[in-house]
Amino acid sequence: MADQLLEQVRDAVDGQIDFEGQKLAEILATAVLAIVGAISFLVGFFLQDIALALKIGLGGTALTFLLVVPPWPLYNKHPVKWLPVGGQPAITSAQQNIVIDEKLFTK
């Protein structure tokens with residue numbers, strides 16, 4: 001029973017994102033945390049309420065977590081096409097040309 005539940009949770013959380021998605025997630029997390037931090041500081045400063053500033057900061061951190069951590073589909077718009085496993089090589093040996101110090105070597 002517990003194994004089935006754990007497997008369902010793992011399937012829901014285990015998602016793939018591509019390299020462009022990682023870059024977007026990093027930029028989004030940095031921007032949201034910076035904006036929320038500035039808003040939190042300004043509200044806390046002008047209202048002289050540290051508890052409210054901390055609550056705004058915590059809410060912004062939770063929002064950032066929900067935006068960045070799940071593998072949303074927008075993070076996988078450019079999937080990586082990997083080479084086939086154990087199949088025919090993508091480049092045949094007749095096509096391999098290596099250039100070293102302006103000398104052409106064929107393999």
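Our subject is the structure that appears above.
Residues numbered from 1 in each chain as written. Predicted model: local features only at pLDDT ≥ 70, side-chain atom pairs only at ≥ 80, totals over all residues. Heavy atoms only, no water.

A.B. asks: When you look at a nonpolar patch on the surface in this model, what are you seeing that I'm missing?
C.D. replies: On the surface, a nonpolar cluster with roughly 480 Å² of combined accessible area is contributed by F41, L42, F45 and F46. By the secondary structure assignment, L42 is in helix α2 (residues 19–47). What makes L42 partly exposed here is its relative accessible area of 43%. (Patch = residues over 30% accessible without salt bridge, like charges linked within 9 Å, V, L, I, M, F, W, Y side chains within 5 Å. Areas by Shrake-Rupley, 256 points an atom, 1.4 Å probe, with all protein chains shown as cover. Salt bridge = Lys/Arg side-chain N within 4 Å of Asp/Glu carboxyl O. Helix = DSSP H or I, 4+ residues; strand = E, 2+ residues; numbered from the N terminus. Buried < 20%, exposed > 50% of the residue type's maximum accessible area, 1.4 Å probe, protein only.)

A.B. asks: I would appreciate a short explanation of the packing of aromatic side chains in the present structure.
C.D. replies: Per the counting criterion, the structure on display carries two aromatic pairs. A ring pair is formed by F41 and F45, whose centres lie 5.9 Å apart and whose planes are at 15°; its orientation type is stacked. Of this pair, F41 and F45 are both found in helix α2, four residues apart, which corresponds to roughly one turn of the helix. Between F45 and F46 the ring centres are 5.5 Å apart and the planes differ by 75°, which places this aromatic pair in the edge-to-face class. A relative accessible area of 48% places F45 in the partly exposed class. Its relative accessible area of 63% is what places F46 among the exposed residues. A network of ring pairs unites the aromatic residues F41, F45 and F46 as a single cluster. (Phe/Tyr/Trp six-rings, centres within 6.5 Å; stacked < 30°, edge-to-face > 60°.)

A.B. asks: Help me understand α2, please; the structure alone is not making it clear to me.
C.D. replies: Because an α-helix packs 3.6 residues into every turn, residues spaced three or four apart end up facing the same way. Between its terminal C-alpha atoms α2 stretches 42 Å, which fits the 42 Å expected from 29 residues at 1.5 Å a residue. Taken as a whole, α2 has its buried residues at G21, A25, A29, V32, V36, S40 and G44. Structurally, α2 contributes buried residues whose contacts are with α3 (50–68). Just beyond α2, the residue with positive phi is Q48, at close to 50°. (Expected span 1.5 Å × (residues − 1). Contact = heavy atoms within 4.5 Å.)

A.B. asks: So what exactly am I meant to see when it comes to the side chain of S40 here?
C.D. replies: Within the secondary structure layout, S40 lies in helix α2. With near-sequence residues (within four places) excluded, S40 lies in contact with A53, L54, I56 and G57.

A.B. asks: What is the right way to read unusual backbone geometry from this model?
C.D. replies: Even without being glycine, Q48 reaches a positive phi, approximately 50°. Note that Q48 resides in the loop between α2 and α3.

A.B. asks: Any chance you could explain α3 here in plain terms?
C.D. replies: In a regular helix each residue adds 1.5 Å, so 19 residues correspond to 27 Å; α3 covers 27 Å between its end C-alpha atoms and thus fits that length. Among the structural elements, α2 are those in contact with the buried residues of α3. Sitting at the amino-terminal end of α3 is D49, which places a side-chain oxygen 3.3 Å from the backbone nitrogen of A51. (Polar contact = N/O pair within 3.5 Å; in protein donor to acceptor, adjacent residues only side chain to side chain.)

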